2 protein chains.
Amino acid sequence: MPSLKSELKKRGDFDSVEQETTLAILRTSDLLENRLARLLREHGLTPSQYNVLRILRGEGTPLPCLDVAQRMIQVAPAITRVVDQLLKLDYITKTQSSQDRRVYMVDIKPSGRKLLAKLDKPILNLHANTMRHISQSDQKTLIRILESIRDRQSD
Amino acid sequence: MPSLKSELKKRGDFDSVEQETTLAILRTSDLLENRLARLLREHGLTPSQYNVLRILRGEGTPLPCLDVAQRMIQVAPAITRVVDQLLKLDYITKTQSSQDRRVYMVDIKPSGRKLLAKLDKPILNLHANTMRHISQSDQKTLIRILESIRDRQSD
DNA sequence: GCCAGATAGTTTACATGTTATGTATCGGGT
DNA sequence: ACCCGATACATAACATGTAAACTATCTGGC
């Protein structure tokens, strides 16, 4: 009987089912994040950098910095630095908009697309492997419940 | 039809159910973490600091630094700093073990217990509120599936 | 006794998230 | 034309996570 359950028992039982549910989500997420981060690190990317590149590739056209931030549920300052990093790595471009000079548009470069293309299969495999013991029907159930948790939140 | 689904559609459809499942977990976790962090911040604590205090309270006896780290699935350097912070805040004690002088035992102080006691109800309420629309049976399902995801991982 | 390898923590360097604050620019009302 | 509030980012300050390197201490074998 491995990690989670025994660990948590040690520090007292759950105070409520809701708390147990919350902890289960947080712990599982931690695990998944770590695995993804390790894979990305092998290619010199951080999860944030990867997400920005994904968003830009998905969009197809240049995007203002803050639009990228919004899609990552992130605050502006974080994006500024990630964009700086990606510029240094030469995976994106950043140009001041001529319509509105407050705005800076970022776009993915071919080098960035190439990197993403190289990552697509390994990442797909990672996720497939992570979920390999979970039936499709359980996955759909999971997605449904998690979605309803997110959608019912006021903020 | 709100956030997640529409957002993700924008950047291209999911590549697989496994990927969708993964993203659902990560996004939901983000949401929960943010809500908890906000509540804790009102009391001057970070999530890490709170977790360390919880572990120490649950344990009841002094614990070596690295033992605390393990239970948080964290690496040693992170603990060093969180422990330092909690020392500065005067919520814990840290004493060198006389048996093995490499080891430093940390323990929660009464002030720390008092703070946790003050937090218990609000946090319970937060979790209850987050899950208020989710049936107990769905929660149990969620816990079961998430647990099986975690338990089936090799590392 | 002594030394090599293991173990507990710390320190350093880097990337990121957060809030608060500063800067440039835009845009609408007078 | 001008000014004031809003908007797009950038910067600063702080806490945290990670890997890598370092210190102190312990321990088993010779």
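Because the structure is predicted, anything quoted here is derived from the model rather than measured. (Residues numbered from 1 in each chain as written. Chains lettered and ligands numbered in written order. Predicted model: local features only at pLDDT ≥ 70, side-chain atom pairs only at ≥ 80, totals over all residues. Heavy atoms only, no water.)

Participant: Help me get a handle on the layout of surface pockets, residues and values and all.
Facilitator: Taken as a whole, the largest pocket holds about 1,500 Å³ of empty space. A:Leu26, A:Asp30, A:Glu33, B:Asp30 and B:Glu33 are the residues nearest the centre of the largest pocket, which is lined by 48 residues in total. For the lining of the largest pocket, the secondary structure elements donating two or more residues are helix H2 (17-42), helix H3 (47-59) and helix H6 (110-130) of chain A together with helix H2 (17-42), helix H3 (47-59) and helix H6 (110-130) of chain B. Among the elements that make up the lining of the largest pocket, the one with the highest residue count is H2(A) (11 residues). In terms of residue class, the lining of the largest pocket is built from 20 nonpolar, 15 polar and 13 charged. (1 Å grid on protein atoms, 1.4 Å probe; cavity = no way out; pocket = protein on both sides within 12 Å on 5 of 7 lines; lining within 4 Å. Points joined across faces, edges and corners; volume = space filled by probe spheres on them. Helix = DSSP H or I, 4+ residues; strand = E, 2+ residues; numbered from the N terminus. Nonpolar A, V, L, I, M, F, W, Y, C, P; charged D, E, K, R; others polar.)

Participant: So what about the packing of aromatic side chains? Which residues, and what values?
Facilitator: Inspection of every chain in the model, using the stated rule, returns zero aromatic pairs over all chains. Stacked on the ring of A:Tyr104, the Lys or Arg A:Lys94 has its end atom at 5.2 Å from the ring centre. (Phe/Tyr/Trp six-rings, centres within 6.5 Å; stacked < 30°, edge-to-face > 60°. Lys NZ or Arg CZ within 6 Å of the ring centre and 35° of its normal.)

Participant: Could you give an account of the protein's contact with DNA strand C, with specific residues and numbers?
Facilitator: Neighbouring DNA strand C are 25 residues, the closest being A:Thr46, A:Gln74, B:Leu66, B:Thr80 and B:Lys94. Residue A:Arg101 places a main-chain N or O atom 3.2 Å away from a phosphate oxygen belonging to DNA strand C. Looking at the surface near DNA strand C, the elements with two or more residues in it are H3 and helix H5 (76-88) of chain A together with helix H4 (65-71) and helix H5 (76-88) of chain B. In terms of residues, the surface near DNA strand C owes the most to one element, H5(A), which gives five residues. Along the lines of polarity and charge, the residues of the surface near DNA strand C split into 11 nonpolar, six polar and eight charged. (Near = heavy atom within 4 Å. Polar contact = N/O pair within 3.5 Å; in protein donor to acceptor, adjacent residues only side chain to side chain.)

Participant: Describe H6(A), and please don't skip the residues or the numbers.
Facilitator: The terminal C-alpha atoms of H6(A) lie 30 Å apart, and with 21 residues this matches the ideal 30 Å at 1.5 Å per residue to within 8%. Along its length, H6(A) reaches its greatest deviation from straightness, about 35 degrees, at A:Asp120, and the proline A:Pro122 lies no more than four positions downstream. Looking at H6(A), one finds that the buried residues are A:Gly112, A:Leu115, A:Leu116, A:Leu119, A:Ile123, A:Leu126, A:His127 and A:Thr130. As for H6(A), its buried residues are in contact with H2, H3 and strand E3 (104-108) of chain A together with H2 and helix H7 (136-151) of chain B. (Expected span 1.5 Å × (residues − 1). Bend = angle between axes of the 7 residues up to and from the residue. Buried < 20%, exposed > 50% of the residue type's maximum accessible area, 1.4 Å probe, protein only. Contact = heavy atoms within 4.5 Å.)

Participant: Would you mind going over the interface of chain B and chain A in detail, with residue names and values included?
Facilitator: The partner chain A presents 56 residues to the 57 residues of chain B that form the contact. Across the chain B-chain A interface, the total number found is two salt bridges. Close ionic contact of A:Asp138 with B:Arg144 constitutes a salt bridge, the shortest N to O distance being 3.4 Å. Counting every contact that joins chain B to chain A gives 10 residue pairs in polar contact (both at pLDDT 80 or more). Listing elements by their share of the side of chain B that touches chain A, those giving two or more residues are helix H1 (3-10), H2, H3, H6 and H7 of chain B. Counting residues per element, the side of chain B that touches chain A draws most heavily on H2(B), at 17 residues. Class assignment of the residues belonging to the side of chain B that touches chain A gives a composition of 19 nonpolar, 16 polar and 22 charged. (Salt bridge = Lys/Arg side-chain N within 4 Å of Asp/Glu carboxyl O.)

Participant: Lay out H5(A) with the relevant residues and their values.
Facilitator: All names here are of chain A. With 13 residues, H5 should cover 18 Å at 1.5 Å per step; its first-to-last C-alpha distance of 19 Å lies within 8% of that length. Elements that come into contact with the buried residues of H5 comprise H3, helix H4 (65-71), strand E2 (92-96) and E3. One or two residues past the end of H5 sits Asp-90, with phi positive at roughly 70 degrees.

Participant: Describe the sheet that holds strand E3 (residues 104-108) of chain B, and please don't skip the residues or the numbers.
Facilitator: All names here are of chain B. If you walk across this open sheet you meet the three strands as E1-E3-E2, and the pairing is antiparallel. Looking at strand neighbours, the two that pair on one side only are strand E1 (63-64) and strand E2 (92-96), the edges of this open sheet. In terms of strand pairing, E1 meets E3 through two bridges, oriented antiparallel. Of the residues in E3, the one forming a bridge with Pro-64 is Met-105. Contacting E2 and E3, H5 crosses the sheet at an angle of about 120 degrees to E2. (Pairing = 2+ DSSP bridges. Axes fitted to C-alpha atoms, helices over the stretch in contact; angles between N-to-C directions.)

Participant: Lay out the protein's contact with DNA strand D with the relevant residues and their values.
Facilitator: In the region of DNA strand D, 24 residues are neighbours, and A:Thr80, A:Lys94, A:Tyr104, B:Thr46 and B:Gln74 sit closest. What you see for DNA strand D is that sugar and phosphate hold 65% of its atoms within 4 Å of the protein. In the environment of DNA strand D, a phosphate oxygen lies 3.3 Å from a nitrogen or oxygen atom belonging to the backbone of B:Val75. Listed by contribution, the elements that provide at least two residues to the surface near DNA strand D are H4 and H5 of chain A together with H3 and H5 of chain B. Per element, the largest residue contribution to the surface near DNA strand D is five residues, and it comes from H5(B). A breakdown of the residues in the surface near DNA strand D according to their chemical character gives 10 nonpolar, six polar and eight charged.

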